[in-house]
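# Topology and contacts: notes
Listed here are the chains, written in short residue letters.
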Amino acid sequence: TDTAASLRASEIGAELLLKGTRVDGVYSKDPEKHDDAVLLTNLTFNQVIEKNLRVMDMTAITFCQDNSIPIRVFNMTHEGNLIKVLRGEDVGSLVGGS
């Protein structure tokens, strides 16, 4: 579904792809398994690829990178987060650039 979402984002000319999850954003490692995981609020596509971070599947990541579509990863389970993201507030993690 990640790849389909990135393809659709490109087709409609989206300026941003929203990735709602059950964690607060992109972490250095799985926060559900590791207490010492660190939230990464801003990172590049290359950092995601080089560190093999599990933001989305790699096809979706590289597709977004190739099409210059940043990804906002945020916790969908926190009430109000989607509205905050839609308002442009700095919620979760932003993946973009090279």
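Shown above is the structure to which this text applies.
Values in this document were obtained by computation on a predicted structure and should not be read as measured data. (Residues numbered from 1 in each chain as written. Predicted model: local features only at pLDDT ≥ 70, side-chain atom pairs only at ≥ 80, totals over all residues. Heavy atoms only, no water.)

## What about the pattern of salt bridges?
Tallied over the full model, the rule gives five salt bridges. Its salt-bridge partner being Lys19, residue Asp2 comes within 3.0 Å of it at the nearest N-O pair. Taken as a pair, Asp2 in helix H1 (residues 2-11) and Lys19 in strand E1 (residues 17-21) lie far apart in primary sequence, 17 residues in all. Overall, the relative accessible area of 18% leaves Lys19 in the buried class. Among the ionic pairs, Arg72 bridges to Asp90, the shortest N-O distance being 3.3 Å. In this pair, Arg72 is assigned in strand E5 (residues 71-75) and Asp90 in the loop between helix H4 (81-86) and strand E6 (93-95), connecting sequence segments 18 residues apart. (Salt bridge = Lys/Arg side-chain N within 4 Å of Asp/Glu carboxyl O. Helix = DSSP H or I, 4+ residues; strand = E, 2+ residues; numbered from the N terminus. Buried < 20%, exposed > 50% of the residue type's maximum accessible area, 1.4 Å probe, protein only.)

## Quick look at the sheet that holds E1
Judged by pairing direction, the sheet is mixed, and its four strands sit side by side in the order E1-E5-E6-E4 without closing on themselves. Each end of this open sheet is capped by a strand with a single partner; those strands are E1 and strand E4 (42-43). For E5 and E6, the ladder comprises three bridges, and the chain directions are antiparallel. Looking at the pairing, Val73 lines up with Ser93 of E6. (Pairing = 2+ DSSP bridges.)

## A few points about a nonpolar patch on the surface
A cluster of nonpolar residues, Leu16, Leu18, Met76, Leu82, Ile83 and Leu86, forms a patch on the protein surface that exposes about 510 Å² of accessible area. For the nonpolar patch, the element with the highest residue contribution is H4, accounting for three residues. (Patch = residues over 30% accessible without salt bridge, like charges linked within 9 Å, V, L, I, M, F, W, Y side chains within 5 Å. Areas by Shrake-Rupley, 256 points an atom, 1.4 Å probe, with all protein chains shown as cover.)

So yeah, pure geometry; function would need other evidence.
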